[in-house]
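Fold and contact review
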Amino acid sequence: MPSHTFQIDFKRSSKVAVADKKLKRALVSATDRFRAQRSLAVEGTQEWEEIKTRAREIKEHVIDNLDFYLEKLEESITKAGGVVHWARDGEEAANIITAIAAERGVKSVVKSKSMATEEIELNNAFERNGIKVVETDLGEYIIQLAGERPSHILAPAIHKTRDDISKLFSRKLGVPYYEEPEELTGIARDKLREEFLNADMGVSGVNFAVPETGTIVVVENEGNACLCTTLPRVHVALMGMEKVVPRFEDLSIFLNLLIKSATGQKLSTYVSFITGPKNILDNDGPEEFHLVILDNGRSKILADEVTRQSLYCLRCGACLNVCPVYRQVGGHAYGGVYSGPIGAIIMPQLMDLKGVYELPYASSLCGACKEVCPVNIDFPKVLLKLRSDFVKGREKGRRPGLSERMAIKLWRYAMEHRRLYEFISRIAYFAQMPFVERKGRRNGHGRIGSLPFPFSNWTRDRDFPAVAKKTFRNRWRELENENGDSEDKL
Amino acid sequence: MSFSVMGNEPGSKRIKASLFVTCLVDLFFPQVGESVVRVLRRLGVDVDFPNEQTCCGQPAFNSGYTDDARALAERFVGVFSGDSRDTYIVSPSGSCASMVKVFYEELFKNDPALCDALSKVSSRVYEFSSFLTDVLGVEDVGASYDGVVTYHDSCHLLRELGISEAPRRLIKSVSGVKFIEAEMHDECCGFGGTFSVKHPEVSVSMLDEKLTHIGKSGADTLVSTDMGCLMQIGGAVSRRELPIRVMHLAELLAS
Amino acid sequence: MSREAKDVILASIRRGLKRFEKGRGESPAPPPTWNAGSLKHSYDEDSLTREFVEEVIKVKGHAEVTDSGEEILSFALGLFEEYGTNSCAMADGDFLESLSLAEHLESKGIGVVRPGSGDSVVADAGIGITEADYAISDSGTLVLLTNENNPRSFSLLPPVHLAIVKRSAIVHNIYDVMEELNSSVVKYEHPDQFPSCITFITGPSRTADIELNLTLGVHGPKALYVLVYGDKG
Ligand code: SF4
């Protein structure tokens, strides 16, 4: 059984996405909304820069001492009556979780939104084991019914219109076609309420875990995560191993940063601090609590001093919302579970897949992501490091094609030899002549409307400037003589 | 001339600047380089052009070819180390300036001698607009232009060098200019170096959005500070024959 | 199996960090927690209450201030009428007890579900009534600590949530509440004293998953009412 079913081909899928006008409209309105809400919240937080800096320091510290904190977390959770499991990779994590279910005769599972469970494709594992699993976050529920993957960390179904959802519900749930979001939400509420009350096991993700107290924190708006972690008799939480904050008190700045960056709320509707299973006297809550700590490539990320910072991510989604590339193509184009800038940096580090190493090139290096990231991840630096690793063939022999490598070598050689560079520029000047159109340009400059491949990638939609008849350095020879004192000549 | 603020008083030392013209300007847009020279000279700066310069290595670096980029970076440092210590290095590109000022460090980090040579060079590097406002202390360069101008923030100038006010102040001081902000003026135009040809569809989709906002702003002239962005925006303006003039800040200031 | 995985993971973390000592090192010293001192002002209860009420309304809840037990009772009765229900699930808080709210409601023919009832019984109740342990004025948040008298589901399953908050329980911001929690619950020695769940509730349950339309009451309550109780200034 292959451990993932992800298919990554950004070049192809981004092309398809860009042509989809409906998708584009949805993306623009979603990212505009998230951007505006975030900026408003950040402007209203005078301590923002200070807590960002502190959060970054704390994250650095945690990752530098991750072995200590994970052991401490295990100790605290065990003391609180929970059980901690360790999973080296996605398959192992899925096996652990399905085994917990099977040993307890679990027939049905309710799940709240968790990127880590998407990463390990947990639903497939449950289904293979004949266990029913239901996504309960409304967006995830829609996605599950449609048999798709989420397209945004926070709003998994932003690519779907209400019409799509109405049709989906009437087809899959046998209800009449309703179009109002209230009605659709009501249908989902009723269906899922039954699932909650009948489920034997709840699965959640983890936003933060506190070794000091053995507490895990789950952040959400719908209340489904509260229900998943309250009603079923077993609660299993899956956590990427970087999610640690050392002390209980640190949660205040991390919650503040995460929630404001994500949705611009001061606090999300629900934040649950869960410490072990129910206490003996409690009247509700799960009898068992399990935490699965997932490595799945994270220890490899940690080994690289430049890309290590990818592990500081809080999964707030702010970098997606400001990314001009994400805004054009949406989450599915990235082909994996994480998309946008954070996807472009962690997917190639987490998964060894065809096409994954090209994701760092799915960025214009504009740096908008770096500017909003609440833990100051230096995206351009990390993207460039990953590109460089790819070129060096560090990634299991996968590297760019020979023609690109040769072209760069030749280009470099020319740039290292100024006379050759000048000579080539003259050749280019003459070689371009058949392509140059002279109409409609100022300054007597030609424009080039069409060039052969690979330059056609440019000229398909944009004119290319013609190489100048006289380059700047040639003009300089004259300019130099009109020296600075004779300003009036200029 | 009244607006030549520097070096007019007898005996005062003239400011010297070496032009780091960038390969794009050298090969495709020499008039931008000329405009830079014109503006700087008008302000009394002694301009020189180290002839050995070629490319700073950014295209290779951005594509992941670190070793090739390093070779060109070393070459760059060598070429500009020849200047006297008090010579500024001025470039009409925020992107190329940030390559030297921000990213070279990454390339040289294992070589203390190179780091040392780099720091001597990179501290002298200024992007054109910030050189005018921060070093020369000028906002009004005595230019005049009749038009409604909007400014596109080039990503590297804005986010790597943190410069957004200098070009705006310079534009607003040009007599006859009406300045307006376009919506999303700090959103990437989609150029991104090799990104523009690796992912042309995405790049053009970003560009479409940029052009929509420029169009809606009511400006008749778009000014920016980087030939990459201007080549991208200008390439579509020319293809679609849109009624917008696209120019480098230096060209506006030389007019 | 699990043991082995743990050792492998910890070893590869150490390898990645280029730290080769076996076993656990000394407890490392993290950077200091962020000191919210710069945001501390001396708020009086009045202004905290005012801000809290405003913020609850901003997040689409309802909030009122009262200084009489009778008002609480009549407010609650009004809700039963408004929502056409005659059942509720009520937590066992000291304050609710002191008002004898359960007895009063029962005398009006309203069924009161108490802690210890099954989830489906709670789910059928029309209104969930709870007492908040803390409230945050800056964000309009209720903080509920789970224990035998305060089940988690009472604020979650019924379609309407009515929460009573004492004025003195309101603090200004999340930093303050975390400090309070830190000094109260974290120090407990016995694990069973540490609440199995602490829930922060800010407004009624909501989603924006369908074309970003804000819809209330997706899984939790559709409506949230907060009564702030205490002697007025
Ligand atoms: S990388 Fe930064 S901005 Fe992006 S999701 Fe993670 S924390 Fe948020």
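Throughout what follows, the structure given in this document is the object of discussion.

Each value, and the rule that gives it
Residues numbered from 1 in each chain as written. Chains lettered and ligands numbered in written order. Predicted model: local features only at pLDDT ≥ 70, side-chain atom pairs only at ≥ 80, totals over all residues. Heavy atoms only, no water. Contact = heavy atoms within 4.5 Å. Buried area = accessible area lost by both parts, 1.4 Å probe. Salt bridge = Lys/Arg side-chain N within 4 Å of Asp/Glu carboxyl O. Polar contact = N/O pair within 3.5 Å; in protein donor to acceptor, adjacent residues only side chain to side chain. Nonpolar A, V, L, I, M, F, W, Y, C, P; charged D, E, K, R; others polar. Pairing = 2+ DSSP bridges. Helix = DSSP H or I, 4+ residues; strand = E, 2+ residues; numbered from the N terminus. Phe/Tyr/Trp six-rings, centres within 6.5 Å; stacked < 30°, edge-to-face > 60°. Buried < 20%, exposed > 50% of the residue type's maximum accessible area, 1.4 Å probe, protein only. Lys NZ or Arg CZ within 6 Å of the ring centre and 35° of its normal. Expected span 1.5 Å × (residues − 1). Patch = residues over 30% accessible without salt bridge, like charges linked within 9 Å, V, L, I, M, F, W, Y side chains within 5 Å. Areas by Shrake-Rupley, 256 points an atom, 1.4 Å probe, with all protein chains shown as cover. Axes fitted to C-alpha atoms, helices over the stretch in contact; angles between N-to-C directions. Parallel < 35°, antiparallel > 145°, perpendicular 65-115°, else oblique.

Concerning the interface of chain A and chain C
Taken together, the 105 residues of chain A in the interface contact 84 residues of chain C. Both sides together, the interface formed by chain A and chain C hides about 7900 Å², and carbon and sulfur atoms give 59% of it. Along the contact surface separating chain A from chain C lie 9 salt bridges. For the interface between chain A and chain C, the tally reads 41 residue pairs in polar contact (both at pLDDT 80 or more). Residues belonging to the side of chain A that touches chain C are distributed by class as follows: 46 nonpolar, 28 polar and 31 charged. Across 5 bridges, the pairing between strand E8 (residues 270-275) of chain A and strand E9 (residues 197-201) of chain C is antiparallel. Each bridged residue has a counterpart across the sheet, and for Ser272(A) the counterpart in E9(C) is Thr199(C).

Brief notes about the interface of chain B and chain A
Tallying the contact residues gives 78 residues for chain B and 78 residues for chain A. Summing both partners gives a buried area of about 6900 Å² for chain B against chain A, and 55% of it is carried by carbon and sulfur. It is Arg41(B), Tyr65(B) and Arg239(B) in chain B that bury the most area against chain A; as a group they hold 11% of the surface buried on that side. At the surface where chain B touches chain A, the tally comes to 16 salt bridges.

Some words on the packing of aromatic side chains
Enumeration according to the criterion identifies 30 aromatic pairs over all chains in this entry. Summarising the aromatic geometry, the rings of Phe248(A) and Phe273(A) are spaced 5.6 Å apart at their centres and angled 90° between planes, so their arrangement reads as edge-to-face. Of this pair, Phe248(A) sits in the loop between strand E7 (234-240) and helix H12 (251-262) while Phe273(A) is found in strand E8, placing the two residues 25 residues apart along the sequence. The exposure class assigned to Phe248(A) is buried, which follows from its relative accessible area of 0%. Geometry around Tyr126(B) places Lys101(B) over its ring, the cationic atom sitting 5.5 Å from the centre.

Observations regarding helix H3 (residues 48-64) of chain A
Given 3.6 residues to a turn, an α-helix orients residues that are three or four positions apart in the same direction. For H3(A), built from 17 residues, the straight-helix expectation of 24 Å at 1.5 Å per residue is met to within 8% by its first-to-last C-alpha distance of 24 Å. Among the residues of H3(A), those classed as buried are Trp48(A), Ile51(A), Lys52(A), Arg54(A), Ala55(A), Arg56(A), Ile58(A), Lys59(A), His61(A), Val62(A) and Ile63(A). Where the residues of H3(A) are buried, they touch helix H2 (21-43), helix H4 (66-79), H12, helix H13 (298-302) and helix H17 (368-372) of chain A together with helix H7 (174-184) of chain C.

Looking at a nonpolar patch on the surface
Taken together, the side chains of Phe423(A), Ile424(A) and Ile427(A) define a hydrophobic patch exposed on the protein surface, amounting to about 290 Å² of accessible area. Inspection of the secondary structure puts Phe423(A) in helix H20 (residues 418-431).

Details of the packing of helix H5 (residues 94-108) of chain B against helix H6 (residues 112-122) of chain B
Between two packed helices, what matters for the description is the angle formed by their axes and the separation of those axes. All names here are of chain B. Two elements in contact, H5 and H6, have axes separated by 10 Å at closest approach and are oriented at 175°. Here H5 lies roughly antiparallel to H6, going by the angle between them. On H6, the residues touching Val100, Lys101, Tyr104, Glu105 and Phe108 of H5 are Leu114, Cys115, Leu118 and Ser122. Of the residues belonging to the contact of H5 with H6, the class tally is 6 nonpolar, 1 polar and 2 charged.

Quick notes on the arrangement of the chains
Between chains A and C lies the most contact-rich interface of the 2 pairs of chains that touch. Contact between chain B and chain C is absent, and the least distance between their C-alpha atoms amounts to 18 Å.

Brief notes about the packing of helix H1 (residues 10-18) of chain A against helix H11 (residues 200-217) of chain B
The geometry of H1(A) relative to H11(B) is characterised by a closest axis approach of 8 Å and an angle of 35° between their N-to-C directions. Contact with H1(A), carried on its side by Phe10(A), Ser14(A), Lys15(A) and Val18(A), involves Glu201(B), Val202(B) and Ser205(B) of H11(B) and no other residues of that element. Tallied by class, residues from the contact of H1(A) with H11(B) come to 3 nonpolar, 2 polar and 2 charged.

Some points on unusual backbone geometry
With an omega of 0°, the peptide bond running from Phe453(A) to Pro454(A) counts as cis. Relative to the elements of secondary structure, Pro454(A) occurs in the loop between strand E11 (447-448) and helix H21 (456-459). Even without being a glycine, Met184(B) presents a positive backbone phi close to 50°. Of the residues examined, Met184(B) reaches a relative accessible area of 17% and is grouped as buried.

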